[in-house]
Amino acid sequence: MSPDSPGEVVVGQAAVDQLLDVLDLRQLDEMTFRGMSPPVGPQRVYGGQVAGQALVAAGRTVDPARFVHSLHGYFVRPGDPAEPIEYQVEKIRDGRSFSVRRSVALQHGKPIFFMSASFHHEEEGLDHHAPAPVDVPAPEALPTMADRLARYPERLGIWAMIPRPIDVRYVGEPGWVRPGDRPADPHQRVWMRIDGKLPDDPLLHACALTYASDLTLLDSVLSVHGEVWGPGGLVGASLDHALWFHRRFRADEWFLYDCWSPSASGGRGLATGRMFTVDGRQIASAVQEGLLRRVGA
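Here is what the cut-offs are and how they apply
- Residues numbered from 1 in each chain as written.
- Predicted model: local features only at pLDDT ≥ 70, side-chain atom pairs only at ≥ 80, totals over all residues.
- Heavy atoms only, no water.
- Pairing = 2+ DSSP bridges.
- Helix = DSSP H or I, 4+ residues; strand = E, 2+ residues; numbered from the N terminus.
- Axes fitted to C-alpha atoms, helices over the stretch in contact; angles between N-to-C directions.
- Disulfide = S-S within 2.5 Å.
- Buried < 20%, exposed > 50% of the residue type's maximum accessible area, 1.4 Å probe, protein only.
- pLDDT = per-residue confidence, 0-100.
- Contact = heavy atoms within 4.5 Å.
- 1 Å grid on protein atoms, 1.4 Å probe; cavity = no way out; pocket = protein on both sides within 12 Å on 5 of 7 lines; lining within 4 Å.
- Points joined across faces, edges and corners; volume = space filled by probe spheres on them.
- Nonpolar A, V, L, I, M, F, W, Y, C, P; charged D, E, K, R; others polar.
- Parallel < 35°, antiparallel > 145°, perpendicular 65-115°, else oblique.
- Left-handed = near helix turned anticlockwise from the far one by under 90°.
- Expected span 1.5 Å × (residues − 1).
- Arc of directions from axis to C-beta.
- Phe/Tyr/Trp six-rings, centres within 6.5 Å; stacked < 30°, edge-to-face > 60°.
- Lys NZ or Arg CZ within 6 Å of the ring centre and 35° of its normal.

Draft legend 1. Local environment of the sheet that holds strand E5 (residues 98-107). Ordered by their spatial adjacency, twelve strands build an open sheet running E1-E2-E4-E5-E6-E3-E9-E12-E11-E10-E8-E7, and the pairing between neighbours is antiparallel. Two strands close off the open sheet at either side, each with one partner strand: strand E1 (26-29) and strand E7 (166-170). Within the sheet, the average angular offset between the axes of one strand and its neighbour, ignoring direction, is 25°. The pairing of strand E10 (residues 255-265) with strand E11 (residues 268-277) spans nine bridges and is classified as antiparallel. When the bridges of E11 are listed, cysteine 259 appears paired with glycine 273.

Draft legend 2. The arrangement of the state of the cysteines in detail. Scanning all chains against the criterion turns up zero disulfides. The thiol of cysteine 207 is unpaired, and the distance to the nearest cysteine sulfur, on cysteine 259, comes to 20 Å. A relative accessible area of 0% means that cysteine 207 is categorised as buried. Judged by its relative accessible area of 0%, cysteine 259 falls in the buried class.

Draft legend 3. Spatial organisation of the pairing of strand E3 (residues 67-75). For E3 and strand E6 (residues 110-120), the ladder comprises eight bridges, and the chain directions are antiparallel. Within E6, the position partnered with phenylalanine 75 by the bridge is phenylalanine 113. When E3 meets strand E9 (residues 234-245), the two strands line up antiparallel, connected through five bridges. Bridge pairing in E9 links tyrosine 74 to aspartate 240.

Draft legend 4. Spatial organisation of the confidence of the model for the chain. Per-residue confidence for the chain gives a mean pLDDT of 93, with 94% of residues at or over 70. Low pLDDT, under 50, characterises residues 1-7; the predicted model gives this stretch 14 contacts beyond four residues in sequence or across chains.

Draft legend 5. Representation of the layout of surface pockets. Quantified by volume, the second largest pocket comes out at close to 550 Å³. Lining of the second largest pocket is provided by 16 residues; of these, Glu123, Leu126, Asp127, His246 and Arg247 occupy positions nearest its centre. Elements with a contribution of two residues or more to the lining of the second largest pocket: E3 and E9. Here the lining of the second largest pocket takes three residues from E3, the largest share from any one element. Split into classes, the residues belonging to the lining of the second largest pocket amount to five nonpolar, five polar and six charged.

Draft legend 6. Structural detail: the pairing of E6. Two strands pair when backbone bridges link them, and E5 and E6 are joined in this way by ten bridges, in the antiparallel orientation. For arginine 102, the partnering residue across the bridge sits in E6 and is serine 116. Taking the residues that link successive antiparallel strands as the turn, the E5-E6 hairpin has two residues, and the phi of histidine 108 there is positive, at about 55°.

Draft legend 7. Structural view of the packing of helix H2 (residues 47-59) against helix H4 (residues 202-213). Closest axis-to-axis distance for the H2/H4 pair is 7 Å, and the angle between their directions is 160°. What the angle tells us is that H2 and H4 run roughly antiparallel. By crossing handedness, the relation of H2 to H4 is classed as right-handed. Two secondary-structure elements touch here, H2 through Gly48, Gln49, Ala51, Gly52, Leu55, Val56 and Gly59 and H4 through Leu203, Ala206, Cys207, Thr210 and Tyr211.

Draft legend 8. Summary view of helix H1 (residues 12-23). For H1, which comprises twelve residues, the first-to-last C-alpha distance of 17 Å matches the rise-based estimate of 16 Å (1.5 Å per residue) to within 8%. Residues of H1 that are buried include every one of Gly12, Ala15, Val16, Leu19, Leu20, Val22 and Leu23, and no others. Projected onto a plane normal to the axis of H1, the buried residues spread over an arc of 155° and lie on a single side. On its buried face, H1 sits against H2, strand E8 (187-194) and H4.

Draft legend 9. Highlighting the packing of aromatic side chains. Overall, the coordinates contain seven aromatic pairs when judged by the stated rule. For the pair phenylalanine 75 and phenylalanine 113, a centre-to-centre distance of 4.8 Å together with 45° between the ring planes defines the contact as tilted. With phenylalanine 75 in strand E3 and phenylalanine 113 in strand E6, the pair connects residues that are 38 residues apart, well separated along the chain. The same class applies to phenylalanine 75 and to phenylalanine 113, which are both buried. Ring plane angle 10° and centroid distance 6.2 Å describe the contact between phenylalanine 245 and phenylalanine 249, whose orientation is recorded as stacked. Each residue in the set Phe67, Phe245 and Phe249 is aromatic and connected to the rest through ring pairs, giving one cluster. For the cation-ring pair, arginine 248 lies above phenylalanine 67, with the distance from its terminal atom to the ring centre recorded as 4.3 Å.

Have a look at this one:
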């Protein structure tokens, strides 16, 4: 069975159009929005989806001239993909240079995620960043997701059917290979891009990057130990997520997501990552803590 055979999985622009539908929230009133989940997906709402939708809701209440520069969110309950998600936005402050919003995602009247986001009218100032990793293969030189998935048909599950709006190219072994097939590596590096064309709206590109930022970050904790997800490995859940946007970018162009884990203990792991464009500009930084529990074979 090929993961990309017709009728089984949606890829390319068709998948990107579905992602755009997911991010296109319905506005109920000035500060309330409603979002839906994809018709095919995992049993819990994907964390990057709810964070991306929460940012859409917050961003729609802010002057478009102000660009989001940071967000900090907490996942407090698993989301039900069969139910709509309501996003309630609170206007914390509109100053001369910054706007701050609080966005709460609710299902059945209870919060499943809440986030604070800050938007800034960009100014001139100091400019520097740490260099990008060297000797990393170009994305075109790496196997596609379909190539990698074809080697592990027994571990596909729902991932053989859900749309793939993001082209993900792993530099090393991903966390869903068989136990024993993954060498320990202090870094997990992947090239990513939205696998189609996005509109020019900068907020939409920030929301798409937020969606992508949750895909592989926590896996860097497992990578340190050569561990894998699923039977014979671990299961995990995102607890919180923080993202800083440093420079303008397009999420439909390649960026390198360089992730590593500074600490893991007590059933939790901390992961951090940096995102670089092909020409080496650092566009964003991410930090996440997740719950990690071992499961049997």
